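Read off the chains here:
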Amino acid sequence: MTQPNVSRRKFIKIGAITIVASGVMCCGGGLLVTKRKSPATPVATPSFTFGKSSSATKQILVAYATRTGSTVGVAQAIGEVLGSRGFAVDVKPFLEDPDPGEYQAILLGSAVNGAQWLPEALEYSERWSSSLNQVPLALFCVHIMNLGEEEGEKQNRLAYLNPVRALLPSAEEAFFAGQGLMPEEQSMLVVWACRALQLFPEGDCRDWEKIRSWGKQVLHTI
Ligand SMILES: Cc1cc2nc3c(=O)[nH]c(=O)nc-3n(C[C@H](O)[C@H](O)[C@H](O)COP(=O)(O)O)c2cc1C
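Not measured: the values here are computed from a predicted model.

Engineer: Quick question: what am I supposed to make of helix α8 (residues 208–217) here?
Structural biologist: Within an α-helix, residues lying three or four positions from one another point in the same direction, as the helix has 3.6 residues per turn. Taken as a whole, α8 has its buried residues at I211, W214 and G215. All buried residues of α8 lie within an arc of 100° about the axis, which places them on one face of the element. Counted as exposed and oriented over 90 degrees from the buried face of α8: E209 and K216. Those residues of α8 that are buried are in contact with α2 (70–84), β4 (105–113), β6 (137–143) and β7 (172–177).

Engineer: So what exactly am I meant to see when it comes to the site of the ligand here?
Structural biologist: Lining the immediate surroundings of the ligand are 22 residues, of which T66, T68, S70, V112 and Q179 lie closest. The separation between an oxygen atom of the ligand and a polar main-chain atom of V112 is 2.6 Å. Contact between the ligand and Q179: an oxygen atom at 2.6 Å from a main-chain N or O atom of the residue. Within the complex, the protein chains bury 92% of what would otherwise be the 640 Å² of accessible surface of the ligand. Among the secondary structure elements, those contributing two or more residues to the shell around the ligand are α2, β4 and β6. The greatest single-element share of the shell around the ligand, amounting to three residues, is contributed by β4. Looking at side-chain class alone, the shell around the ligand contains nine nonpolar, twelve polar and one charged residues.

About the thresholds
- Residues numbered from 1 in each chain as written.
- Predicted model: local features only at pLDDT ≥ 70, side-chain atom pairs only at ≥ 80, totals over all residues.
- Heavy atoms only, no water.
- Buried < 20%, exposed > 50% of the residue type's maximum accessible area, 1.4 Å probe, protein only.
- Helix = DSSP H or I, 4+ residues; strand = E, 2+ residues; numbered from the N terminus.
- Arc of directions from axis to C-beta.
- Contact = heavy atoms within 4.5 Å.
- Near = heavy atom within 4 Å.
- Polar contact = N/O pair within 3.5 Å; in protein donor to acceptor, adjacent residues only side chain to side chain.
- Areas by Shrake-Rupley, 256 points an atom, 1.4 Å probe, with all protein chains shown as cover.
- Nonpolar A, V, L, I, M, F, W, Y, C, P; charged D, E, K, R; others polar.

Fair warning: the whole summary comes from geometry, so function is off the table for now.
Have a look at this one:
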């Protein structure tokens with residue numbers, strides 16, 4: 001019988017990649033933030049206001065959820081652009097539970113963990129769904145996998161919003177690249193595995209031009 005042309009070294013390498021890959025897949029993006037050092041302090045969830053000093057008549061809410069901080073900057077940039085469009089904008093974390101009744105249009109955004117929005121974003125969307133469905137609404141995801149234009153990736157990306165879309169079916173949607181593998185915060189094994197498998201891009205992948213240009217045209221009829 002012909003033996004496959006695989007050296008022992010190559011065989012071990014393939015086996016190791018497969019084992020680590022299974023671990024990475026099972027843990028999802030969780031390995032992205034497995035720090036070498038002890039856990040850091042919880043990430044800050046600040047609020048911002050934009051456009052309040054102008055003659056703005058419409059109040060807009062940008063509510064966000066984050067775990068590692070990158071969605072804060074995305075929400076802030078979108079709020080800033082909306083402020084420059086002449087709206088009075090509050091950017092707030094879902095944890096503050098902003099009342100949707102105070103706003104004429106609302107944008108909700110969350111980091112994606114485990115292929116869906118963070119729990120506080122889902123919980124808010126469900127609890128306030130009847131009020132949210134009465135105003136112009138837009139949703140955004142900040143994530144790191146399924147960023148490509150290949151059909152499977154697009155479908156996976158769209159599926160992140162399935163639970164929210166079921167509650168808020170008329171909302172506009174956007175997907176933004178967030179924070180990828182941070183090599184300085186990971187064990188060598190994780191860095192090696194992620195690089196070998198090319199599972200995630202590295203570093204801060206936020207595309208500020210894309211984020212701001214969405215802010216310029218989102219909910220353009222309000
Ligand atoms: C525990 C965990 C799970 C993740 N799961 C996914 C995922 O299923 N799909 C994806 O595209 N990105 C996933 N990511 C990547 C994050 O969505 C990405 O790093 C994002 O920028 C995080 O936003 P934040 O910094 O505001 O928390 C995950 C990250 C973590 C830490």
